[in-house]
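Descriptive analysis of the structure
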Amino acid sequence: MEKKDIDWSNLGFGYVKTDKRYVSNYKDGSWDEGCLTEDANIVLNECAGVLQYAQTVFEGLKAYTTEDGRIVCFRPDLNAARMVDSAKRLEMPAFPEDRFVEAVVETVKANAAYVPPYGSGATLYIRPYMFGSNPVIGVKPANEYQFRMFCTPVGPYFKGGAKPITIKVSDFDRAAPHGTGHIKAGLNYAMSLHAIVTAHAEGFDENMYLDAATRTKVEETGGANFIFITKDGTLVTPKSDSILPSITRRSLVDVASKILGMKVEHREVYFDEVKDFAECGLCGTAAVISPVGKIYDHGKEICFPSGMEDMGPVTKKLYDTLTGIQMGRIEGPEGWIKEIM
Ligand code: PLP
Ligand code: COI
């Protein structure tokens, strides 16, 4: 199959329209059989639930070309399950998990010419989402929905790829206790836009959000979970009911403990202890693992010993193993890789 003429190595994290996307509609209590379409546009009633009350949830996963030329994706079953959790919290119908995974396969196959070649540094980002589509004016859930999935070839989320980034402790909160921080709802991202625009204007790459109730504990960033490495090489990941359960983070915990033989702690992390860690990084589908070199906290700086030039050595080992599994260089745990073609 002939690949599209794209400068793969210089792609940023942006939208490139591909050939086909998947659509299924929910009406009268059930989902239709769904199909691929070439139409990238959506026509909606002016009063659609998503437009009035932001009733929308989404997912993000990637497809990769392996060293031996296959196309695979990483743990799509976990994205399917998390989307069900997200939908339930916003009173939306679940999209069946097996159909979600089938739609991933169909959508990627139909756009195989856009899956970046092995070694290019780019990947195919897949964006499943669903939204309330019928008119809603009183505050209540819609009763018609659309599920869609498109894909777009992407490069690194942060400019500079694996170069350490600088983040700031945000004065804004991302998620309330007992709120929606643990699901992938569009509303969580809408309310983070002012915070990220502010952080960028001040010269920072991202925000570190603390827990809204006490502002003493590390939560996550706008689009990734944190990983920390202690001076004696333990992987520490923050635990909270108001952060998104990152599939990358859960996978790294297994990579660290089961493959690399590291000690792992998934626990509350107080901001006060962050200065004592040896390495810090962000992890997520888009972020992969992005090393953090510096954290700015209201006039004070935490500079990690790993510095601003390279990923720390333990972060690098985690990165190489995770991406090795994703790109087929390393055999991962059973069921992690879904073969597409
Ligand atoms: N946290 C937030 C807020 C995110 O948007 C994402 C991205 O999906 C993540 C964490 C990372 O999750 P995952 O590793 O499942 O992509
Ligand atoms: C992802 O990593 O898939 C996300 O949804 C994060 C987003 C900020 C791009």
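Residues numbered from 1 in each chain as written. Chains lettered and ligands numbered in written order. Predicted model: local features only at pLDDT ≥ 70, side-chain atom pairs only at ≥ 80, totals over all residues. Heavy atoms only, no water.

Now for a nonpolar patch on the surface. A surface patch of nonpolar side chains, about 230 Å² in accessible area, is lined by I42, L44 and L51. Note that L44 resides in the loop between β3 (35-37) and α1 (49-53). You can call L44 partly exposed: its relative accessible area is 31%. (Patch = residues over 30% accessible without salt bridge, like charges linked within 9 Å, V, L, I, M, F, W, Y side chains within 5 Å. Areas by Shrake-Rupley, 256 points an atom, 1.4 Å probe, with all protein chains shown as cover. Salt bridge = Lys/Arg side-chain N within 4 Å of Asp/Glu carboxyl O. Helix = DSSP H or I, 4+ residues; strand = E, 2+ residues; numbered from the N terminus. Buried < 20%, exposed > 50% of the residue type's maximum accessible area, 1.4 Å probe, protein only.)

In this section: the site of ligand 2. Close to ligand 2 lie F13, F58, G60, Y125, R127, Y157, K184, G223, T285 and A286, which account for all nearby residues. Interatomic distance of 2.6 Å between a side-chain N/O atom of Y125 and an oxygen atom of ligand 2. Within the backbone of A286, a nitrogen or oxygen atom sits 2.8 Å from an oxygen atom of ligand 2. Computed on the free molecule, ligand 2 has an accessible area of 280 Å², of which 88% lies beneath the protein chains in the complex. Taken together, the residues of the shell around ligand 2 break down into five nonpolar, three polar and two charged. (Near = heavy atom within 4 Å. Polar contact = N/O pair within 3.5 Å; in protein donor to acceptor, adjacent residues only side chain to side chain. Nonpolar A, V, L, I, M, F, W, Y, C, P; charged D, E, K, R; others polar.)

We now examine the layout of surface pockets. The calculated volume of the largest pocket comes to roughly 880 Å³. Every residue lining the largest pocket is counted, 43 residues in all, and those nearest its centre are R127, Y157, Y189, G222 and G223. Where the lining of the largest pocket is concerned, the elements lending two or more residues are β7 (123-132), β8 (145-154), α4 (186-190), α5 (193-201), β10 (206-208), α6 (247-259) and β14 (279-284). Taken together, the residues of the lining of the largest pocket sort by class into 20 nonpolar, 15 polar and eight charged. By volume, the second largest pocket amounts to about 520 Å³. Lining the second largest pocket are 34 residues, with G121, A122, V288, Y319 and M327 sitting closest to its centre. (1 Å grid on protein atoms, 1.4 Å probe; cavity = no way out; pocket = protein on both sides within 12 Å on 5 of 7 lines; lining within 4 Å. Points joined across faces, edges and corners; volume = space filled by probe spheres on them.)

To continue, consider the environment of V169. Within the element layout of this structure, V169 appears in strand β9 (residues 165-169). Taking C-alpha positions, V169 is 18 Å from A278, a pair spaced 109 residues apart along the chain.

The values reported here are purely geometric and, on their own, carry no functional implication.
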